[in-house]
Amino acid sequence: MNLDRAFRDAIERIEADPTVGAKYPRPYPELEGYGFLWIESHIYWIGYSMAKGYPVITNFFNKKHDIINRIAIEDEEIGL
């Protein structure tokens with residue numbers, strides 16, 4: 001239920017202002033180069049892309065996990 005609530009809250013915030021996201025999730029400044037925007041929602045970091053002109057959620061991580069070693073990029077999916 002908490003995961004669902006975090007997801008719904010993030011969607012509402014992103015839909016209200018697609019530029020609301022940070023360039024990287026704290027404390028991972030090395031993720032800025034991937035081009036995702038990140039929003040913190042409850043105990044999660046949610047990454048999304050605006051490469052297609054509208055928000056597409058691409059990543060969903062619990063804040064306690066080692067995000068930098070779990071992220072992968074799919075070039076064809078985000079238009080790189």
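Residues numbered from 1 in each chain as written. Predicted model: local features only at pLDDT ≥ 70, side-chain atom pairs only at ≥ 80, totals over all residues. Heavy atoms only, no water.

A.B. asks: Give a description of the environment of Gly 47 that names residues and reports values.
C.D. replies: Structurally, Gly 47 is set in strand S2 (residues 44–49). Linking Gly 47 and Phe 36, residues eleven residues apart in sequence, is a C-alpha distance of 5.9 Å. Excluding anything up to four places from it in sequence, Gly 47 contacts Leu 37, Trp 38, Val 56, Ile 57, Thr 58 and Asn 59. (Helix = DSSP H or I, 4+ residues; strand = E, 2+ residues; numbered from the N terminus. Contact = heavy atoms within 4.5 Å.)

A.B. asks: Pulling in residues and values, what's your account of the pattern of salt bridges?
C.D. replies: Opposite charge on two side chains makes pairing possible when the charged atoms of those side chains draw close. Counting across every chain of the model gives three salt bridges. Residue Arg 26 pairs with Glu 40 through a salt bridge whose shortest N-O separation is 3.1 Å. Highlighted residues: Arg 26 in the loop between helix H1 (2–16) and strand S1 (37–41) and Glu 40 in strand S1, separated in sequence by 14 residues. Classification of Glu 40 by relative accessible area gives partly exposed; the value is 25%. A salt bridge links Glu 40 to Lys 63; the shortest N-O distance between them is 2.6 Å. (Salt bridge = Lys/Arg side-chain N within 4 Å of Asp/Glu carboxyl O. Buried < 20%, exposed > 50% of the residue type's maximum accessible area, 1.4 Å probe, protein only.)

A.B. asks: Give me the lowdown on H1, citing residues and values where you can.
C.D. replies: A rise of 1.5 Å per residue sets the reference length of H1, with its 15 residues, at 21 Å; its end C-alpha atoms lie 21 Å apart and thus fit the reference within 8%. Inspection of H1 places Ala 6, Ala 10 and Ile 14 among the buried residues, and these make up the whole buried set. Seen along its axis, H1 keeps its buried residues to an arc of 60 degrees; they face one direction. In H1, those exposed residues whose orientation departs by more than 90 degrees from the buried face are Glu 12, Glu 15 and Ala 16. For H1, the elements touching its buried residues are S1 and S2. (Expected span 1.5 Å × (residues − 1). Arc of directions from axis to C-beta.)

A.B. asks: Tell me about the side chain of Asn 59, residues and numbers included.
C.D. replies: Position of Asn 59 among the secondary structure elements: in strand S3 (residues 56–62). A distance of 2.7 Å separates polar atoms of two side chains, one belonging to Asn 59 and the other to Thr 58. (Polar contact = N/O pair within 3.5 Å; in protein donor to acceptor, adjacent residues only side chain to side chain.)

A.B. asks: So what about the nonpolar core? Which residues, and what values?
C.D. replies: Ala 6, Ala 10, Ile 14, Leu 37, Ile 39, Tyr 44, Ile 46 and Tyr 48 together form the largest nonpolar core, which totals eight residues. Every element with two or more residues in this core is listed here: H1, S1 and S2. In contact with Leu 37, not counting residues within four places along its chain, are Pro 18, Gly 21, Ala 22, Ile 46, Gly 47, Tyr 48 and Met 50. Among the nonpolar cores identified, the runner-up in size contains seven residues, and Tyr 28, Leu 31, Phe 36 and Trp 45 belong to it. (Core = buried A, V, L, I, M, F, W, Y, C linked by side-chain atoms within 4.5 Å.)

A.B. asks: Describe the pairing of S1, naming the residues involved and giving the relevant values.
C.D. replies: Within S1, four of the five residues are buried, which leaves the element mostly enclosed by the surrounding structure. Here five bridges tie S1 to S2, and the two strands are oriented antiparallel to one another. Within S2, the position partnered with Ile 39 by the bridge is Ile 46. Where S1 folds back on S2, the antiparallel hairpin that results is connected by two residues, among which His 42 adopts a positive phi of roughly 60 degrees. (Pairing = 2+ DSSP bridges.)

Worth remembering: the numbers are spatial, not functional.
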